[in-house]
Amino acid sequence: MLKVIPRNIKRIFVFEICLGLVAFFLGLIFSCEYIYSFCIGVVISIISNLLLLGMVYLLVYMNYKTYISYIRYLISYALYAVTLYFVHALYKDIYTVIICALGLCSFKISCYIIYILKKYGKKVHKFWKK
């Protein structure tokens, strides 16, 4: 499965793992519940996106039936909901839930940032050279 993953997606996974580790160690240093909730969101985001990536691999390369995609998609979003509930039950603060949701979206935000940099990065670079 790892052979067919594009290099950019692998880089995003590595970046997200590093982001999760940095958030975890910052949480240890400052013992801040907001940083811990962000770290939890990043870790669950990595797990959920690995589930979805595995689903795409099974559909495209292994010719599985399409109903497996619905089940795994529902599992990944159920994982998001359980994570948000767990963070709310653990910290009893709505801001930790919001920050955890930001951590859950970190993979998607990284994808958008890389896309924007690839698309407009050359234009910005040419603009600054003038």
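Here, the structure is the one placed above.
In short, a report on the structure. Since the structure is predicted, the reported quantities are computational estimates derived from the model, not experimental observations.

Notes on the nonpolar core
Right, on to step 1. Counting residues in each nonpolar core, the largest one holds eight residues, listed as Ile12, Phe13, Ala23, Phe38, Cys39, Val42, Ile46 and Phe107.
Right, on to step 2. Elements represented by at least two residues in this core include exactly helix H1 (7–30) and helix H2 (33–61).

Re the environment of Tyr80
Right, on to step 1. Take Tyr80: it is sitting in helix H3 (residues 67–91).
Right, on to step 2. Judged by relative accessible area, which is 9%, Tyr80 ranks as buried.
Right, on to step 3. Once the C-alpha coordinates of Tyr80 and Gly27 are considered, the two residues, 53 residues apart in sequence, prove to be 21 Å apart.
Right, on to step 4. In contact with Tyr80, not counting residues within four places along its chain, are Ile44, Ser45, Ser48, Asn49, Leu104 and Lys108.

Describing the side chain of Ser48
Right, on to step 1. Along the chain, Ser48 turns up in helix H2.
Right, on to step 2. We classify Ser48 as buried; its relative accessible area is 0%.
Right, on to step 3. When residues no more than four places from it in sequence are discounted, the contact partners of Ser48 are Ser76, Leu79 and Tyr80.

Rules used throughout
- Residues numbered from 1 in each chain as written.
- Predicted model: local features only at pLDDT ≥ 70, side-chain atom pairs only at ≥ 80, totals over all residues.
- Heavy atoms only, no water.
- Core = buried A, V, L, I, M, F, W, Y, C linked by side-chain atoms within 4.5 Å.
- Buried < 20%, exposed > 50% of the residue type's maximum accessible area, 1.4 Å probe, protein only.
- Helix = DSSP H or I, 4+ residues; strand = E, 2+ residues; numbered from the N terminus.
- Contact = heavy atoms within 4.5 Å.

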